[in-house]
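# Fold and geometry: a report
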Amino acid sequence: VGNNALESSNANHNTAIGQKALQDNTAASNTAVGSEALKENTSAVNNTAIGRYALALNTTGSHNTAIGKNALDANTTGQYNIGVGVDALGANTTADYNVAVGVFALDANTTGTQNAAIGHHALGANTTGNANIAIGYEPLDANTTGTGNIAIGQQALHLVTTGSFNTAVGYGAMFTNTGNHNSAFGMYALLSNTTGAHNVGVGNSALYANTTGGNNA
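From a predicted model like this one, the values you see are computed outputs, not experimental measurements.

As a further point, take the overall build of the chain. Tallying secondary structure elements over the chain gives zero helices and twelve strands in all. Ordering the α and β elements of the chain from the N terminus gives β-β-β-β-β-β-β-β-β-β-β-β. When the backbone C-alpha atoms are referred to their principal axes, the chain occupies close to 65 × 20 × 20 Å. Looking at the chain residue by residue over its 217 residues, the buried ones come to 44%. Sequence-distant contacts in the chain: of pairs separated by 6 or more residues, those separated by 24 or more amount to 0%. Across the chain, the mean location of the 4 positive side-chain charges is 11 Å away from that of the 10 negative side-chain charges.

The next subject is the nonpolar core. The nonpolar side chains of a soluble globular protein tend to be buried with one another. Core analysis: the biggest nonpolar cluster contains 34 residues, and Leu140 and Leu157 have the highest contact counts within it. Setting aside chain neighbours within four positions, we find Leu140 in contact with Leu123, Gly124, Asn132, Ile133, Ala134, Asn149, Ala151, Ala156, Leu157, His158 and Val160.

If you trace the twelve strands from one edge of the open sheet to the other, you get β1-β2-β3-β4-β5-β6-β7-β8-β9-β10-β11-β12, paired in parallel fashion. The outermost strands of the open sheet, each flanked by one partner alone, are β1 (15–17) and β12 (200–202). Taking the axes of each pair of neighbouring strands and ignoring which way they run, one obtains an average angle of 5° across the sheet. Of the pairings in the sheet, the one linking strand β11 (residues 183–185) to β12 comprises three bridges and is parallel in character. Within β12, the position partnered with Ala184 by the bridge is Gly201.

Take the pattern of salt bridges next. Scanning the model with the defined rule gives one salt bridge in all. Residues Lys39 and Glu40 are paired through a salt bridge, measuring 2.9 Å at the closest nitrogen-oxygen approach. With a relative accessible area of 26%, Glu40 lands in the partly exposed category.

The subject of this paragraph is a nonpolar patch on the surface. Taken together, the side chains of Val101, Ile118, Ile133, Ile135 and Ile152 present a nonpolar region at the surface, about 340 Å² in accessible area. Assignment of secondary structure puts Ile118 in strand β7 (residues 116–118). You can call Ile118 partly exposed: its relative accessible area is 41%.

Okay, unusual backbone geometry next. For Leu123, which is not a glycine, the phi torsion comes out positive at approximately 50°. Tracing the backbone shows Leu123 in the loop between β7 and β8 (133–135). Taking the relative accessible area as the measure of exposure, Leu123 reaches 0% and is therefore buried. With a phi angle near 65°, Ser205 is a residue other than glycine that sits in the positive phi range. Structurally, Ser205 is set in the segment after β12. A relative accessible area of 30% means that Ser205 is categorised as partly exposed.

Attention shifts here to the packing of aromatic side chains. The geometry of an aromatic ring pair is captured by two quantities: the separation of the ring centres and the angle between the planes. Throughout the structure, instances matching the rule amount to two aromatic pairs. Ring centres of Tyr80 and Tyr97 lie 5.2 Å apart, and the angle between their planes is 5°; this geometry places the pair in the stacked category. Residue Tyr80 is located in the loop between β4 (65–67) and β5 (82–84), and its partner Tyr97 is located in the loop between β5 and β6 (99–101); the two are separated by 17 residues in the primary sequence. Among the residues examined, Tyr80 registers a relative accessible area of 40% and is labelled partly exposed.

Before going further, it helps to examine the side chain of Ser164. The residue Ser164 is located in the loop between β9 (150–152) and β10 (167–169) in this model. Given a relative accessible area of 13%, Ser164 falls into the buried group. Ignoring any residue separated from it by four or fewer positions in sequence, one finds Ser164 in contact with Gly146, Thr147, Asn149, Gly179, Asn180 and His181.

Within the secondary structure, Asp96 sits in the loop between β5 and β6. A relative accessible area of 23% means that Asp96 is categorised as partly exposed. Those residues in contact with Asp96 that lie beyond four places of it in its chain are Thr77, Gly78, Gln79, Asn81, Thr113 and Gln114. At 2.7 Å, the side chain of Asp96 and the backbone nitrogen of Gln79 are in polar contact.

About the cut-offs
- Residues numbered from 1 in each chain as written.
- Predicted model: local features only at pLDDT ≥ 70, side-chain atom pairs only at ≥ 80, totals over all residues.
- Heavy atoms only, no water.
- Helix = DSSP H or I, 4+ residues; strand = E, 2+ residues; numbered from the N terminus.
- Buried < 20%, exposed > 50% of the residue type's maximum accessible area, 1.4 Å probe, protein only.
- Contact = heavy atoms within 4.5 Å.
- Lys, Arg positive; Asp, Glu negative; His and termini not counted.
- Charge placed at Lys NZ, Arg CZ, Asp CG, Glu CD.
- Core = buried A, V, L, I, M, F, W, Y, C linked by side-chain atoms within 4.5 Å.
- Pairing = 2+ DSSP bridges.
- Axes fitted to C-alpha atoms, helices over the stretch in contact; angles between N-to-C directions.
- Salt bridge = Lys/Arg side-chain N within 4 Å of Asp/Glu carboxyl O.
- Patch = residues over 30% accessible without salt bridge, like charges linked within 9 Å, V, L, I, M, F, W, Y side chains within 5 Å.
- Areas by Shrake-Rupley, 256 points an atom, 1.4 Å probe, with all protein chains shown as cover.
- Phe/Tyr/Trp six-rings, centres within 6.5 Å; stacked < 30°, edge-to-face > 60°.
- Polar contact = N/O pair within 3.5 Å; in protein donor to acceptor, adjacent residues only side chain to side chain.

Next comes the structure, spelled out in structure tokens:
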């Protein structure tokens, strides 16, 4: 339904609603709702795109779900990704197994895999970092290549860029952290930590003033 929708397809079990939705498609079992949703799709199967430009550049990536304007719109061959929200996983190209729920969640991710971001701008700057989990408002917001981080709470691990294997649970926990292998549980725990490593802070403002010290508990 719509101008040029499913224009090139003779495959089965496809649904296209909107101008140029699934325009170049030749594969089966895809659903596209919105202008240019899944427009470039050729041989990929089992994709769902709802929203303008959702999965617009996808060609061979299968089993993706994109809901929201520009969600997964740069994806080409990446598979098993879920993007829900405006620009969710918007820059993702070839990466697999990512989940982004929220406006601008994982929106800079290109090849990073196995990340989960839930919340506004969660993991918003992540590009190639893998296996990160961010839940809340702007957690791990500056992370680019850091791997194996867990941030739960508003702006937890907010400024980490390349630090890896950190766990922060609580409002502002490890806000300024750039180091590795730290754990903070509680509001403002390890708030000021920058490059300190192998620290554990448990409780409200635990190790609040620590900056570069390591192996503290």
